[in-house]
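The lines below spell out each chain.
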Amino acid sequence: MLKPIKLFSLLLLFIFPLFSQELKKELTLKVKVQEILKVEKPEISIPDKLSYKVPVFLYKGKDLSYLFFEPPKRLEEVELYEPKTEGCGAPKDQVLYKKAIREYKRGNLIGAGEEAKKLLSLPTSPFRNAGYYILGLIEYKRGYDEEALRYFKEGCNTLHTYRSASCESFYALYYKIKGEPYETQEPLLWNYVYLIGGKGKIPESPLKNCGRYTFKEYCRYVNDFIRGRVNEEYRESTFLRRAVVLYEKGELEKAEKILEKFSRKLIPHRDVILYYLSLIALKKGDYDKALDRVLLLETLNEELAKEVYLLLALKNPELADFVYEKTKAKEILRYAGIKAYNRGEYKKAIHYFEKSGDYFYAALAYLQLGNYEKAYEYLKRKKRDTQLYYRAFLEVLYRLDKEEKLQKTLEDIKERFPELYREYYGWYLFKKGDWLEASKYFENPYYKAIAYFNAGDYEKVLEILRDKNDYKSRILKAKAAIALGKGVLARKFLFNETPEELYLTGLSYFIEGNYEKAIPYFNKAAKDKNYEVKALVKLADSYYNMGRKEEAKAVYRLILSKYKEREEVKSALIGLAQIESENPSKEIEKIVEEFEKKFPESPLLPELKLQLARYYAKEGRKIEAQFILRKLINNPEYRERALLELARVTEDPEEREKILLDLVSSKDKLISEKAFNELKKLYEKENNLLKLARLLEKRGDEGKIKAISLYLKLDRVKDAERLFREMYKKYPELEELKEVALKLYEKTGKRHYLDIAYRSAKEEVFLKASYYLGNYYYKKDRRKALDYLLEVVLSDKKELPFYKRAVFMSAEILRKMGAYKDASCILERLKGVELESWEREKLLELKKGLPECGG
């Protein structure tokens, strides 16, 4: 129900005394009708959803498998044709050509080269150009790759029998020497090689008929690479390509198995392997594993790591803050904010929008929360020339009564957004109470009708909305009819499809004095949380006006016990008092006094006395509160509630403890929980940790887990271990227990606690356990110790007290293993870390004899 405007709110303050003299006749009849008559401006319609287009590069990971592509491992040769010569009359060039081939086949590379070079001196010989290919083969086999490349290039640029072989050899050797393929369109094999190795584009279909190429084996490798099929000669390359193909097909487990096999090897493109392993973890929804992998990837390739971080935040917006710190990509914060906003988590959305500088979106989220002050702060910070912006800004100015700013803004938009101007200027007049003038500015018939409604011209409301049958118009017409006392007319507009319609239908019968028919509608409306309390109040009023006072009393009592924080409780309490007393008082002390005097046996009296005792306690009148509570203890129905209040006001700590210990065992869960909390506060205040631990141990598993930490604090290690064993058996994956395991290790030195703590998802617990495990295995198994210590070193948590020690230990192990360069790189991680003098000496000592990390 829309709340009354300020001018009429005063009337509601005088509801009860004004009509108390009419109670014997009919209870709150006129007043409760009046409550629905004044309607305020509807709240602004704020978008429930914000749109956001994810950048194309973030839809999915890149295909980087081309980086696994390799140049030919060897030079494949074409069969050299040896011509027949006829005696001494054979042409000289033919003889030279034949000798060159024969010597080459015999393995006499120098001799073959001399003969082939003689061929090159015969410019008119048909065999001359073939010599380039032969010389290229000779120089390649002699280890002179650059010379071989030059001869193959010449052979590729001239016509002869081996031209195609020369070109292929040139492309192959060029790839090997230069580290990148030669750009060519023909032959297709080498165009494919250029596309894959040079452009990073993998053709959709493999090559046909590898037999037509000189490099037949390499052609088969290219096809195997495209298909993702393992080629034994290029085993590592094709295995990794196969993993990527499996990943793209969605066969994540198979892909991960292959990549894991290579991830720990010191091979080229290890960063790409970690990149795909991170993507696989993301696709599987294992964000913890993805995070572990990208943290390692970050040490190898920051750009690839950045992409994974962004993908991680898209998959799990909860990580937006962390990812932003890593990438400084504000679009991730904006994305997380919009996601949170669209889920209705506006406080979380505000956090992201504030951090990303999206102040308009932050203002919209504050509007959703009804926080106009904050919305105003952000809207004025960054202006947008859109109708939505001005609608939001005007709404805020209207709600915050910033009249001067509102008028100025209205003048600013008068020409650009005339409809918006008229609407808000109308509401501005409306708020000032000039409803009839306001109605002239409202284009919307519904708003116009509201203005007349508040002006008290209910007939005009019915006239304006005569042809309007939308929900809001029907409701307003029904309210106008009820205000005119026309119940029958009101019911013509009500379809009884919503709780509001049910409530108004009940009121339409109520104003006619037909309480019997009103009751079922109030009962139905009371099932809705928005109309529950007000419908119950009218239900109780109906029972009273019918003379069914006990039923009225029961409903009032229900309201008092169930809705203690609602405004309608006052109505129920006074209604109840009015039922029992001719001259009730609004003051609870007087009400109880009157109740006890007039109705000493009333079932409501103990409840009112309990409320009075609470009031006395709040006011510091503890002796009077105790006097009431000690009497209420004799009432079985109120005994436990009274005892709980007595424990709060008694000055005797021993009595307080005794009462609370008794109430902790109450069958009433609410009483038991409250008593437990009070007792917990008492023990904490007295610093009686042992009693608190014993208390917690009796409060179920959650309490037992908390008790473990207290026992450890008290050095009662056996008690702590006893409870830990019991709880860990039941909850082996509980994070809180993993943290406790670390503390238990520190107290007992028992290694199995470290194994538990090492599985923690909390970085500080996991890293500390890793460090302890590294220390544990340092003299037993150096490789295993190194694995654990590197978890700390590679975490980049340099502020950890044991970080420097982990670096030193890792470097010592690597030196002993002969991994000097790795040891040097590990020590580099101490750059920028503040070291003690002895630590600087230790660093210099460990660096002796080590190569540079990047060398």
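The preceding data block contains the structure.
Parameters and conventions
- Residues numbered from 1 in each chain as written.
- Predicted model: local features only at pLDDT ≥ 70, side-chain atom pairs only at ≥ 80, totals over all residues.
- Heavy atoms only, no water.
- Helix = DSSP H or I, 4+ residues; strand = E, 2+ residues; numbered from the N terminus.
- Buried < 20%, exposed > 50% of the residue type's maximum accessible area, 1.4 Å probe, protein only.
- Salt bridge = Lys/Arg side-chain N within 4 Å of Asp/Glu carboxyl O.
- Polar contact = N/O pair within 3.5 Å; in protein donor to acceptor, adjacent residues only side chain to side chain.
- Contact = heavy atoms within 4.5 Å.
- Axes fitted to C-alpha atoms, helices over the stretch in contact; angles between N-to-C directions.
- Parallel < 35°, antiparallel > 145°, perpendicular 65-115°, else oblique.
- Left-handed = near helix turned anticlockwise from the far one by under 90°.
- Nonpolar A, V, L, I, M, F, W, Y, C, P; charged D, E, K, R; others polar.
- Core = buried A, V, L, I, M, F, W, Y, C linked by side-chain atoms within 4.5 Å.
- Disulfide = S-S within 2.5 Å.
- Phe/Tyr/Trp six-rings, centres within 6.5 Å; stacked < 30°, edge-to-face > 60°.
- Patch = residues over 30% accessible without salt bridge, like charges linked within 9 Å, V, L, I, M, F, W, Y side chains within 5 Å.
- Areas by Shrake-Rupley, 256 points an atom, 1.4 Å probe, with all protein chains shown as cover.
- Lys, Arg positive; Asp, Glu negative; His and termini not counted.
- Charge placed at Lys NZ, Arg CZ, Asp CG, Glu CD.
- Expected span 1.5 Å × (residues − 1).

Peer 1: Even after reading the chapter, I still don't get the overall build of the chain, so can you show me in this structure?
Peer 2: Scanning the chain for helices and strands turns up 49 helices and 0 strands. Residues classed as buried in the chain amount to 50% of the 855 residues present.

Peer 1: Can you help me understand the pattern of salt bridges in this one?
Peer 2: If you walk through the whole model with that rule in mind, you get 60 salt bridges. Residues Arg343 and Glu345 are paired through a salt bridge, measuring 3.1 Å at the closest nitrogen-oxygen approach. Given the relative accessible area of 42%, Arg343 is considered partly exposed. In this structure, a network of salt bridges that share partners links the residues Glu253, Glu256, Glu260, Lys284, Lys289 and Arg293.

Peer 1: Any chance you could explain the side chain of Thr238 here in plain terms?
Peer 2: Of note, Thr238 is situated in helix α11 (residues 235–249). In this structure Thr238 comes out as buried when scored by relative accessible area, which is 0%. A distance of 3.3 Å separates a polar atom in the side chain of Thr238 from the backbone oxygen of Arg235. Ignoring sequence-local partners within four residues, the contact set of Thr238 consists of Tyr221, Asp224, Phe225, Arg229, Val230 and Asn231.

Peer 1: Got a minute to help me understand the packing of helix α5 (residues 109–120) against helix α6 (residues 130–141) in this structure?
Peer 2: Packed helices, taken two at a time, are described by their axes: the angle between them and the distance between them. Here α5 crosses α6 at 150 degrees, and the two axes come no closer than 9 Å. Taken together, the axes of α5 and α6 lie roughly antiparallel to each other. Considering only the axes of α5 and α6, their crossing is left-handed. Here Leu109, Ala112, Gly113, Ala116, Lys117 and Leu120 of α5 come into contact with α6, specifically with Gly131, Tyr132, Ile134, Leu135, Ile138 and Lys141. Taken together, the residues that form the contact of α5 with α6 break down as 8 nonpolar, 2 polar and 2 charged.

Peer 1: Looking at this model, I keep getting lost on the nonpolar core. Mind explaining?
Peer 2: For soluble globular proteins, the rule of thumb is that nonpolar side chains tend to be buried together. Core analysis: the biggest nonpolar cluster contains 101 residues, and Phe69, Leu189, Tyr218, Val222 and Tyr276 have the highest contact counts within it. At 10 residues, helix α13 (residues 270–283) tops the list of elements feeding residues into this core. Not counting residues within four places of it along the chain, the set of residues in contact with Phe69 comprises Tyr175, Val193, Ile196, Gly197, Tyr218, Tyr221, Val222, Phe225 and Ser237. Judged by nonpolar contacts, the second largest core, of 93 residues, contains Val396, Val461, Leu504 and Val537.

Peer 1: What is the right way to read the state of the cysteines from this model?
Peer 2: Note on terminology: disulfide describes a covalent bond linking the sulfur atoms of two cysteines. Applying the stated criterion across every chain, the model contains 3 disulfides. Disulfide pairing places Cys156 opposite Cys167 at an S-S distance of 1.9 Å. As the torsion about the S-S bond is roughly 95 degrees, the Cys156-Cys167 disulfide counts as right-handed. Linking Cys156 in helix α7 (residues 145–156) with Cys167 in helix α8 (residues 163–178), this pair joins segments that are 11 residues apart in sequence. Of the residues examined, Cys167 reaches a relative accessible area of 7% and is grouped as buried. Disulfide partner of Cys825: Cys853, at an S-S distance of 2.0 Å. In this structure, the disulfide formed by Cys825 and Cys853 twists by about 100 degrees around the S-S bond and is classed as right-handed. Residue Cys825 is located in helix α48 (residues 820–828), and its partner Cys853 is located in the segment after α49 (837–847); the two are separated by 28 residues in the primary sequence.

Peer 1: Just to check I follow, could you spell out the packing of aromatic side chains for this structure?
Peer 2: The geometry of two aromatic rings is summed up by the distance between their centres and the angle between their planes. According to the stated counting rule, one finds 57 aromatic pairs in the structure shown. Residues Phe360 and Tyr389 carry aromatic rings whose centres are separated by 6.0 Å and whose planes lie at 45 degrees to one another, so their mutual orientation is tilted. Here the residue Phe360 occupies a position in helix α19 (residues 359–368), and Tyr389 occupies one in helix α21 (residues 387–399), the gap between them amounting to 29 residues. Given a relative accessible area of 6%, Phe360 falls into the buried group.

Peer 1: Would you explain a negative patch on the surface in this entry?
Peer 2: Taken together, Asp286, Asp288, Asp292, Asp781, Asp787 and Glu791 make up a surface patch of like negative charges. Elements with a minimum of two residues in the negative patch: α14 (287–298) and α46 (782–793).

Peer 1: Just checking my understanding: could you explain a positive patch on the surface for this structure?
Peer 2: Residues Lys380, Lys383, Lys402 and Lys405 make up a contiguous surface patch of positive charge. Looking at where Lys402 falls in the secondary structure, it is placed in the loop between α21 and α22 (403–413).

Peer 1: I would appreciate a short explanation of helix α42 (residues 717–730) in the present structure.
Peer 2: Note that an α-helix has 3.6 residues per turn; residues three or four places apart therefore point the same way. In a regular helix each residue adds 1.5 Å, so 14 residues correspond to 20 Å; α42 covers 20 Å between its end C-alpha atoms and thus fits that length. Among all positions in α42, only Asp719, Ala720, Glu721, Leu723, Phe724, Met727 and Tyr728 are buried. Close packing links the buried residues of α42 with α40 (689–697), α41 (700–713), α43 (735–748) and α44 (751–758).

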